[in-house]
Amino acid sequence: MTQIISNLNVTELIVDQPIGQDNPPLLFPDGHNDKQEAPTQHVLQLSDFAVSWEDKLTDKQLDAFIDDGWLIIDDVFDNIALLALQAESGFIDYRDAALTAGVRISDIRGDRIRWITENFFAGYYYLQSINTLAVLFNRSLFAGIRHSEAHYACYPIGFGYQWHSDNPAGRDERVISAVFYLNDEWEATDGGALEIVDKHGVHHEVMPVANRLIIFDSDLQHQVQTAHRQRYSIATWMRRDGLVPFVEVDA
C-alpha cells in the first residue's frame, strides 16, 4: 500500500481558523518567516490509529449501552491520527449522497459524502480501528458484526439530516452505528448537534466536537440539526451481513 506523507506532530500546524472555516488550512499563516523550520514529516502508519478499546470502554459503559442504546467516547485517538483525519477530510472531492428513488435528497439530508476505501489512507486506518472495536462488541455483547463501512461527511452551512434510523424499514444489516467528529472548537451556536432518542424515548443532543465518537444502536431514531458552520465527520456502520467489495464509480 502506498504510504501517505502528512505534515504532522512535533511542530503543530499553524491554523488561524478551525477546519471548515479555512479549508484546507494553510500550514503557515500569510507572511510567515520563510526560514522557519517546516513541520516534521511523519509517515502515517496503522499503529498511529491504535486504540485500547478495552480501556476506553468500562463494564459500566457497556451496561449503559445495552440499557440505553448509545454512548460517547471522547479523546479517541492520539494527535497524529486526529490531524491526519482532519487533513484528509479537507482535501476530499465530496459527492452528493443518495436516497431511495423518488425522494428529493435536499428535503431529507444536506450532507455531501465520500465512501472510505483503501485509497483514503487515514480513513482506511480509522476503519481498521473500528473493526477492532467491533471485535470487542462481538466478544462482550455477541453482536454478530462481520465488517464495517464508513464515509466522510461534510454538512454545508444551513443543512442537516432529518429524523431517520440507519436501518430502512424491513432491514437489519446494520447493528451498531458510530459517528466520529472532526471540527475543532465547535460551539453550541454552531448548531449541527446529533439529536438521538434512546431506548427509553428520551432525547439527547450530542455536540460534534473533535475526537469524539458516539456509538448507538442502528435502529435508534436520530437527526443532525442544521449546521451554522461547515461540519465534518465520519459516519460509520458495523454490519452483520457478508462483506461486499465496495467499488466507487466516478460521476
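What you see is a predicted model; the values in this text were computed from it and never measured.

A short note on the environment of Gly 69
And then number 1: With respect to the helices and strands, the residue Gly 69 is situated in the loop between α2 (59-68) and β3 (70-73).
And then number 2: Judged by relative accessible area, Gly 69 falls into the buried class, the value being 1%.
And then number 3: Taking the C-alpha atoms as reference, Gly 69 lies 9.0 Å from His 200; in sequence the two are 131 residues apart.
And then number 4: Other than its neighbours up to four places away in sequence, Gly 69 contacts Ala 64, Lys 199, Ile 215, Phe 216, Asp 217 and Leu 220.

A closer look at helix α3 (residues 79-90)
And then number 1: Taking 1.5 Å per residue as the helical rise, α3 with its twelve residues ought to reach 16 Å, and the 17 Å between its terminal C-alpha atoms agrees with that figure.
And then number 2: Of all twelve residues making up α3, ten are buried, and the element is well covered by its neighbours.
And then number 3: Those residues of α3 that fall on the buried side of the exposure criterion are Ile 80, Ala 81, Leu 82, Leu 83, Ala 84, Leu 85, Gln 86, Glu 88, Ser 89 and Gly 90.

Focus on the pattern of salt bridges
And then number 1: Enumeration according to the criterion identifies ten salt bridges in this entry.
And then number 2: Its salt-bridge partner being Asp 172, residue Arg 240 comes within 4.0 Å of it at the nearest N-O pair. With Arg 240 in the segment after β13 (231-239) and Asp 172 in the loop between β7 (161-164) and β8 (174-181), this residue pair connects regions lying 68 residues apart in the sequence.
And then number 3: The network of salt bridges with shared partners includes Glu 149, Arg 174, Arg 239 and Asp 241.

A few points about the sheet that holds β13
And then number 1: Pairing within the open sheet is antiparallel, and its seven strands lie in the order β3-β11-β8-β13-β6-β5-β4. The open sheet is flanked by β3 and β4 (95-96), the only strands paired with a single partner.
And then number 2: Looking at chain direction, β8 and strand β11 (residues 213-217) are connected through five bridges and run antiparallel. Counted as the bridge partner of Ala 178 is Ile 215 from β11.
And then number 3: Most of the contacts of α2 go to β3, to which it runs at about 145°, and overall it touches β3, β8 and β11.
And then number 4: With respect to the sheet, α3 is in contact with β6 (147-155), β8 and β13, its orientation differing from that of β6 by roughly 60°.

Details of the packing of aromatic side chains
And then number 1: Applying the stated rule across the entire model yields nine aromatic pairs.
And then number 2: Seen from their ring centres, Phe 77 and Phe 180 are 5.4 Å apart, and the 75° between their planes marks the pair as edge-to-face. Of this pair, Phe 77 sits in the loop between β3 and α3 while Phe 180 sits in strand β8, placing them 103 residues apart in sequence.
And then number 3: Here the aromatic rings of Phe 120 and Tyr 152 are separated by 6.4 Å at their centres, their planes lie at 65°, and the arrangement is edge-to-face. One end of the pair, Phe 120, is in the loop between β5 (112-115) and α5 (121-141); the other, Tyr 152, is in strand β6, with 32 residues separating them in the sequence. Judged on exposure class, the residue Phe 120 and its partner Tyr 152 are both buried.
And then number 4: Connected via pairs of aromatic rings, a cluster forms that spans Phe 49, Phe 77, Tyr 125, Tyr 126 and Phe 180.
And then number 5: Here the guanidinium or amino end of Arg 174 rests over the ring plane of Trp 237, the centre of that ring lying 4.0 Å away.

Remarks on the sheet that holds strand β10 (residues 203-206)
Strand pairing in a sheet relies on backbone hydrogen bonds. The paired strands run either parallel or antiparallel.
And then number 1: Ordered in space as β7-β12-β9-β10, the four strands form an open sheet in which the pairing is antiparallel. Of all the strands in the sheet, the pair left with one neighbour each is β7 and β10. The mean inter-strand angle of the sheet, taken between neighbouring strand axes irrespective of direction, is 10°.
And then number 2: Alignment of strand β9 (residues 194-197) against strand β12 (residues 222-224), held across three bridges, turns out to be antiparallel. Within the sheet, the bridge partner assigned to Leu 194 lies in β12 and is Val 224.

Reading guide: rules and limits
Residues numbered from 1 in each chain as written. Predicted model: local features only at pLDDT ≥ 70, side-chain atom pairs only at ≥ 80, totals over all residues. Heavy atoms only, no water. Helix = DSSP H or I, 4+ residues; strand = E, 2+ residues; numbered from the N terminus. Buried < 20%, exposed > 50% of the residue type's maximum accessible area, 1.4 Å probe, protein only. Contact = heavy atoms within 4.5 Å. Expected span 1.5 Å × (residues − 1). Salt bridge = Lys/Arg side-chain N within 4 Å of Asp/Glu carboxyl O. Pairing = 2+ DSSP bridges. Axes fitted to C-alpha atoms, helices over the stretch in contact; angles between N-to-C directions. Phe/Tyr/Trp six-rings, centres within 6.5 Å; stacked < 30°, edge-to-face > 60°. Lys NZ or Arg CZ within 6 Å of the ring centre and 35° of its normal.

Function-wise, these values are silent; they only describe arrangement.
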